[in-house]
Amino acid sequence: MAKKAVRKSAKITKTANRARPKAARGKASGLRPKASGRSAKYVYFFGGGKADGDRTMKDLLGGKGANLAEMTNAGLPVPAGFTISTAACTIYYQQKRRIPKNVDDEMLANLKKLEKVSGSQFGSTTNPLLVSVRSGAKFSMPGMMDTILNLGLNDNTVEALKRRTSNGRFAYDSYRRFIQMFGAVVMEIPKDEFEHELQAVKDAEGVSQDPDLTEEALKEVVVRFKRVFKNKSGKSFPVDPVSQLRLARDAVFRSWMNPRAQEYRRIYQIADHIGT
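Since we're looking at a predicted model, the values are computed, not measured.

Turning our attention to the overall build of the protein. Within the protein, the regular secondary structure consists of nine helices and six strands. Expressed as a percentage of its 276 residues, the buried residues of the protein come to 49%. Counting contacts in the protein only where the partners sit at least 6 residues apart, residues at least 24 apart contribute 72% of the total. Carbon together with sulfur atoms contributes 49% to the accessible area of the protein, which is approximately 13,400 Å² in total.

Here you go:
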């Protein structure tokens, strides 16, 4: 995803110094107790030369979210997107891993802004909007949480991407990667289940490297990946981009409390309550 990005409070830049963040000291269990999910702002747009936030809002937007806003306000050519705040993550856990309607509505309103600024549209068969959903927090936690790329692809939009790029192999390679990433992150399907099918297609085609697969071979990989998704999750791969976005958003929030992220915060004394 080089052009458009839907941002969770995104990961801040990796640093060589892994010392404990001083401001993070003071271990806390659980998440903030006071967020209510009502009558507050939870989604911050950036694009078109202006942004809702700035660099001072790392607590709420995460490091990259705050810096993207700052760069947008400075007039740098930042691809448009929006940040769903750490407060929304807090509410997600307070409400038993559910997002309130008002927060969801605010996300959809900002999605409309993104479509307008980008000139593309979710699910369009001529100029589809594709986004990435990224995780992160105020402090750097490299590799601890999850990311989903190429969100918005389905059987129709992949053909639109093929026409716009004049590159069917690129389009179907992007699609198969999205299905695998979505299946692994959202449905927690082991990646090996997909890799087994990919290897089977490579063996049938007599190639050893992914780049050697043709467009037609990648179409077969897509068919096989969707079958894996159905067999392992009990559900068909979602074709509606908005449904994909909601599921990805919630999966990224869930990743805040995955075992590796919790262990990382324990080691570096980063409080649980800051959210992603």
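A word on the packing of helix H5 (residues 168-186) against helix H8 (residues 241-255). Look at H5 against H8: their axes get within 9 Å of each other, and the N-to-C directions meet at 50°. Put simply, H5 runs oblique to H8. When you trace H5 past H8, the crossing you get is left-handed. Across from Phe-178, Phe-182, Val-185 and Val-186 in H5, the residues of H8 making contact are Gln-244, Leu-247, Ala-248, Ala-251 and Arg-254.

Next up on the list: the nonpolar core. Counting 65 residues, the largest nonpolar core has Phe-82, Met-141, Ile-148, Leu-151, Tyr-175 and Trp-256 as the members making the most contacts within it. Considering each element in turn, this core owes the most residues, eight residues, to H5. Other than its neighbours up to four places away in sequence, Ile-148 contacts Val-131, Ser-132, Val-133, Phe-178, Met-181, Phe-182, Val-185, Val-186 and Ala-248. Among the nonpolar cores identified, the runner-up in size contains five residues, and Phe-46, Leu-68, Ala-69 and Val-78 belong to it.

Between H5 and helix H6 (residues 191-205), whose axes approach to 9 Å, the crossing angle comes to 155°. In terms of axis orientation, H5 runs roughly antiparallel to H6. In contact with Arg-176, Ile-179, Gln-180, Gly-183 and Ala-184 of H5, H6 contributes Lys-191, Phe-194, Glu-195 and Leu-198.

What the rule picks out here adds up to nine aromatic pairs. On the basis of an interplanar angle of 85° and a centroid distance of 5.1 Å, the ring pair of Tyr-92 and Tyr-93 is categorised as edge-to-face. Judged on exposure class, the residue Tyr-92 and its partner Tyr-93 are both buried. Ring geometry for Phe-178 against Phe-237: centres 5.6 Å apart, planes inclined by 80°, an arrangement best described as edge-to-face. Of this pair, Phe-178 sits in helix H5 while Phe-237 sits in the loop between helix H7 (215-233) and H8, and the two are 59 residues apart along the sequence. The pair formed by Phe-178 and Phe-237 is uniform in burial state, with each residue classed as buried.

The phi angle at Lys-96 is positive, at roughly 55°, despite the residue not being glycine. On the accessibility criterion, Lys-96 (73% relative accessible area) is exposed. One non-glycine residue, Gln-269, lies in positive phi territory at about 55°. Residue placement: Gln-269 occurs in the segment after helix H9 (259-268). A relative accessible area of 27% means that Gln-269 is categorised as partly exposed.

Helix length check: H8, at 15 residues, gives a terminal C-alpha distance of 21 Å against a target of 21 Å (1.5 Å per residue), a fit within 8%. Among all positions in H8, only Pro-241, Gln-244, Leu-245, Ala-248, Arg-249, Asp-250, Ala-251, Val-252, Phe-253 and Ser-255 are buried.

So, about the confidence of the model for the protein. Residues at a pLDDT of 70 or more form 86% of the protein, whose mean pLDDT is 87. The model gives residues 1-30 a pLDDT under 50, and that stretch makes 101 contacts with residues more than four places away or in other chains. Taken together, the stretch residues 32-37 has pLDDT below 50 and engages in 20 contacts with residues farther than four places along the chain or on a different chain.

Quick look at the pattern of salt bridges now. With the rule as written, the count across this model stands at 22 salt bridges. Taking the shortest distance from any N to any O, the salt bridge between Arg-249 and Asp-104 comes out at 2.8 Å. Of this pair, Arg-249 sits in helix H8 while Asp-104 sits in helix H3 (residues 101-118), placing them 145 residues apart in sequence. Both residues of the pair, Arg-249 and Asp-104, belong to the buried class. Look at the salt bridges and you will find they share partners, linking Asp-173, Arg-176, Arg-177, Lys-202 and Asp-210 into a network.

Attention now moves to the environment of Glu-115. By the element assignment, Glu-115 lies in helix H3. Residue classification places Glu-115 among the buried residues on the basis of a relative accessible area of 11%. On a C-alpha basis, the gap between Glu-115 and Ala-80 in space is 9.3 Å, while along the polypeptide they are 35 residues apart. If we ignore the near neighbours within four places in the chain, the residues touching Glu-115 are Ser-120, Gln-121, Phe-122 and Leu-129.

What counts and how
- Residues numbered from 1 in each chain as written.
- Predicted model: local features only at pLDDT ≥ 70, side-chain atom pairs only at ≥ 80, totals over all residues.
- Heavy atoms only, no water.
- Helix = DSSP H or I, 4+ residues; strand = E, 2+ residues; numbered from the N terminus.
- Buried < 20%, exposed > 50% of the residue type's maximum accessible area, 1.4 Å probe, protein only.
- Contact = heavy atoms within 4.5 Å.
- Areas by Shrake-Rupley, 256 points an atom, 1.4 Å probe, with all protein chains shown as cover.
- Axes fitted to C-alpha atoms, helices over the stretch in contact; angles between N-to-C directions.
- Parallel < 35°, antiparallel > 145°, perpendicular 65-115°, else oblique.
- Left-handed = near helix turned anticlockwise from the far one by under 90°.
- Core = buried A, V, L, I, M, F, W, Y, C linked by side-chain atoms within 4.5 Å.
- Phe/Tyr/Trp six-rings, centres within 6.5 Å; stacked < 30°, edge-to-face > 60°.
- Expected span 1.5 Å × (residues − 1).
- pLDDT = per-residue confidence, 0-100.
- Salt bridge = Lys/Arg side-chain N within 4 Å of Asp/Glu carboxyl O.

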